[in-house]
Amino acid sequence: MDLPISGWHAHVYYEPTATRAAAEAVRAGIAETFPAAVLGRWHDQPVGPHTAAMYQVAFAPALFAGLVPWLALNRGDLSVLVHPETGRQRADHVRHALWLGPPLPLKAEILPE
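All values reported here derive from a predicted model rather than from experimental measurement.

Looking at the overall build of the chain
- The number of helices and strands found in the chain is three helices and five strands.
- Traced from its N-terminal end to its C-terminal end, the chain shows the element sequence β-α-β-β-α-β-α-β.
- Rg of the C-alpha trace for the chain: 13 Å, near the compact-globule value of 13 Å for 113 residues, within the 12% margin.
- Counting every position in the chain, which comprises 113 residues, the buried fraction comes to 40%.
- Within the chain, contacts between residues at least 6 apart in sequence are counted, and of these 63% link residues at least 24 apart.
- Counting every atom, the chain has about 6100 Å² of accessible surface; 58% of that belongs to carbon and sulfur.
- Side-chain charges in the chain split into 8 positive and 10 negative, and the spacing between the mean points of these groups amounts to 4 Å.

Some points on the environment of Pro49
- Here Pro49 shows up in the loop between strand S2 (38–43) and strand S3 (53–59).
- Sequence separation of Pro49 and Arg90 is 41 residues, and the distance between their C-alpha atoms is 9.4 Å.
- The contact partners of Pro49, leaving out residues within four places of it in the chain, are His93, Pro105, Leu106, Lys107, Ile110 and Leu111.

Thoughts on the sheet that holds S3
- Taken together, five strands build an open sheet; the order of strands is S2-S3-S1-S4-S5 and the sheet is antiparallel. The two strands at the open ends of the sheet, each matched to only one other strand, are S2 and strand S5 (98–100). Taken pair by pair, the neighbouring strands of this sheet meet at an average axis angle of 20°, ignoring direction.
- Judged from the seven bridges that link them, strand S1 (residues 7–14) and S3 form a sheet pairing that is antiparallel. Looking across to S3, one finds that Val12 is bridged to Tyr55.

Comments concerning the packing of helix H1 (residues 20–33) against helix H2 (residues 64–74)
- Orientation of H1 relative to H2, taken along the N-to-C sense of each, is 150°, at an axis distance of 11 Å. On the basis of the axis angle, H1 is roughly antiparallel to H2. As for how H1 packs across H2, the hand of that crossing is right-handed. Contacts between H1 and H2 involve Val26, Gly29, Ile30 and Thr33 from the first element and Leu67, Trp70, Leu71 and Asn74 from the second.
- Among the residues forming the contact of H1 with H2, the class breakdown is five nonpolar, three polar and no charged.

Reading guide: rules and limits
Residues numbered from 1 in each chain as written. Predicted model: local features only at pLDDT ≥ 70, side-chain atom pairs only at ≥ 80, totals over all residues. Heavy atoms only, no water. Helix = DSSP H or I, 4+ residues; strand = E, 2+ residues; numbered from the N terminus. Rg over C-alpha atoms; globule rule 2.2 N^0.38 Å. Buried < 20%, exposed > 50% of the residue type's maximum accessible area, 1.4 Å probe, protein only. Contact = heavy atoms within 4.5 Å. Areas by Shrake-Rupley, 256 points an atom, 1.4 Å probe, with all protein chains shown as cover. Lys, Arg positive; Asp, Glu negative; His and termini not counted. Charge placed at Lys NZ, Arg CZ, Asp CG, Glu CD. Pairing = 2+ DSSP bridges. Axes fitted to C-alpha atoms, helices over the stretch in contact; angles between N-to-C directions. Parallel < 35°, antiparallel > 145°, perpendicular 65-115°, else oblique. Left-handed = near helix turned anticlockwise from the far one by under 90°. Nonpolar A, V, L, I, M, F, W, Y, C, P; charged D, E, K, R; others polar.

What follows is the structure, given as structure tokens:
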């Protein structure tokens, strides 16, 4: 199956009281190193299919080769979900997903096929 990838998302998960400072440091590093990446809002409560607090980073396919390895080396103990944007939300979050750190459960059933 050859689906076009229009972009990528990274979801950086954190615990609002225990690891938010670490998530802030990762976010600042992304902003400084990858200014073309779009940093989404902080979600201190689970939202959508995500079962933990997180923020999203949206980025173009051209940034993948730099941003994902940077996250792998700089995420500390945070879990990060990286997935493509193909227009198939459930498959993107589950089947086509990459995890940096321990995977977290997702409520995939709420995503459209």
